[in-house]
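What follows is the residue order along each chain.
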Amino acid sequence: MQRDPILVVDRDTGVTFEEAVLGEKWIRWAYQNASARPIEKLLFRSSLISRLMGAWFDSRLSKGKIKAVIEDLSIDMSEASADTESFSCFNDFFVRHLKPEVRPFSTGPKDVVSPADGRVLVCPELAEDVFVPVKGYPMSVRTMLPGIADRFTGGALAIARLCPADYHRYHFPVTGRIIAAQDIPGALHSVNPIALGAGPDVFGENKRSWTLIESENAGTYCFVEVGAFGVGSIINTRTEGAVQKMDEKGYFKFGGSTVVVVFEPGRIRFADDLVANSAKGRETLVKVGQPLATAL
């Protein structure tokens with residue numbers, strides 16, 4: 001099987017590193033080996049296995065896995081607001097809160113911040129409704145957001161891909177007001193670039209939720225949570241009314257997941273480093289609250 005490493009730019013240091021992928025061997029087997037096609041359908045096009053995994057990660061039986069994952073993925077637990085021993089199950093650890101001071105952000109009204117910790121790819125101007133994730137095939141905002149995509153044709157889009165090592169709560173990037181929301185059922189393909197390179201339309205086929213937020217400076221933007229294999233749930237804790245920048249919007253239970261933020265044409269300009277790295281086909285490791293874009 002071909003092994004094309006996943007290279008990511010660390011925004012804080014500027015260093016490019018190879019991402020450590022939890023379960024890399026079986027992900028490559030499932031998506032790159034033709035003989036695995038029946039297994040791929042069982043694992044990723046049905047929610048049964050992910051539901052069973054979610055139930056296990058919600059149980060006390062999973063608590064013993066916490067320390068091993070912290071060590072394997074080099075997770076900095078000094079940022080967490082609770083002690084490791086206080087978690088009753090793996091998902092308690094996975095959806096841990098952070099100390100507020102470890103994720104500072106700008107309160108400037110035109111500053112748009114990253115909605116999550118993750119590997120960020122930006123598309124400064126959509127070719128109609130098309131975008132291309134890292135190592136993936138062209139995908140469509142119309143497929144991802146059926147019925148509401150027209151307003152975003154020619155707009156801009158940011159993808160924040162979360163890995164198991166990341167903080168898995170996500171936040172509003174701009175102050176505004178929620179005006180609509182919808183859950184869309186679907187498959188649970190992996191969101192890892194290994195899977196994207198194999199061809200599934202992760203953003204159009206996977207389970208996802210979208211929320212339209214009306215803002216004064218950045219226009220009406222769409223916040224999309226995309227489920228993935230092993231994700232027990234997408235939990236949105238704020239579903240209506242006025243929201244402030246960096247208010248918690250929700251969280252993912254276990255699994256790698258993705259947040260997509262889609263903007264209308266001419267409303268924002270992405271940060272230069274994100275644009276430059278994305279143009280080279282490289283994601284940038286970004287923390288929630290760091291600069292994502294400027295409202296125009």
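Right, let's walk through the structure included here. The residue count restarts for each chain, going from 1 along the sequence in the order it is written. Given that the model is predicted, a residue must reach a pLDDT of at least 70 before its local features are reported, and side-chain atom pairs must reach 80 or more before they are shown or counted; all residues, however, enter totals for whole chains, interfaces and linings. Hydrogens and waters are ignored; side-chain quantities use all the structure's heavy atoms.

**Focus: the side chain of aspartate 10**
Next up, step 1: Put simply, DSSP H or I for four residues or longer makes a helix, DSSP E for two residues or longer makes a strand, and each gets a number counted from the N terminus. Along the polypeptide, aspartate 10 turns up in strand E1 (residues 7–10).
Next up, step 2: Relative accessible area decides the class of each residue, using a 1.4 Å probe on protein chains only: under 20% of the type maximum gives buried, over 50% gives exposed, and in between gives partly exposed. Counting rule applied: Lys, Arg positive; Asp, Glu negative; His and chain ends not counted. Salt bridges, as used here, are contacts in which a Lys or Arg side-chain nitrogen is within 4 Å of a carboxyl oxygen on Asp or Glu. Although aspartate 10 is buried, it forms no salt bridge, and the closest oppositely charged side chain is lysine 287 at an N-O distance of 7.0 Å.
Next up, step 3: The contact definition used throughout considers only heavy atoms, calling two residues in contact when any of these lie within 4.5 Å. Among all residues touching aspartate 10, those that are not within four sequence positions of it are Val15, Phe17 and Leu285.

**Notes on the environment of phenylalanine 93**
Next up, step 1: Following the sequence through the fold, phenylalanine 93 ends up in helix H5 (residues 90–94).
Next up, step 2: Taking the C-alpha atoms as reference, phenylalanine 93 lies 9.7 Å from lysine 253; in sequence the two are 160 residues apart.
Next up, step 3: Those residues in contact with phenylalanine 93 that sit more than four places away from it in its chain are Ile66, Val69, Ile70, Ile75, Met77 and Phe87.

**What to know about the nonpolar core**
Next up, step 1: If you look at the biggest cluster of nonpolar residues, it comprises 30 residues, and the most contacted ones within it are Val259, Ile268 and Phe270.
Next up, step 2: Those residues in contact with isoleucine 268, other than ones at most four positions away along the chain, are Val112, Ala156, Ala218, Phe263, Ala293, Thr294, Ala295 and Leu296.
Next up, step 3: Membership of the second largest hydrophobic core comes to 23 residues, among which are Phe131, Met139, Met144 and Phe152. In plain words, nonpolar cores are sets of buried Ala, Val, Leu, Ile, Met, Phe, Trp, Tyr and Cys residues tied together by side-chain atoms within 4.5 Å.

**Concerning the sheet that holds strand E3 (residues 111–113)**
Next up, step 1: Spatially, the 3 strands line up as an open sheet ordered E3-E18-E16, and their pairing is antiparallel. Two strands bound the open sheet, and with one partner strand each, they are E3 and strand E16 (268–270). Ignoring strand direction, the axes of neighbouring strands in this sheet form an average angle of 30°.
Next up, step 2: A pair of strands counts as paired when DSSP detects no fewer than two bridges linking them. Pairing between E16 and strand E18 (residues 291–295): 3 bridges, direction antiparallel. By the bridge assignment for E18, isoleucine 268 is matched with alanine 295. In this analysis, axes come from line fits to C-alpha atoms, helices being fitted only over the stretch in contact, and the angle between any two N-to-C directions falls in the range 0 to 180 degrees.

**Here's the deal with the pattern of salt bridges**
Next up, step 1: Per the counting criterion, the structure on display carries 15 salt bridges.
Next up, step 2: Residue aspartate 166 is joined to arginine 119 by a salt bridge in which the shortest nitrogen-to-oxygen separation is 2.6 Å. Of this pair, aspartate 166 sits in the loop between strand E7 (156–162) and strand E8 (169–171) while arginine 119 sits in strand E4 (residues 118–123), and the two are 47 residues apart along the sequence.
Next up, step 3: Residue classification places arginine 119 among the buried positions, given a relative accessible area of 7%.
Next up, step 4: The residue arginine 142 makes a salt bridge to aspartate 150 at a minimum N-O spacing of 2.4 Å.
Next up, step 5: By relative accessible area, arginine 142 is classed as partly exposed at 39%.

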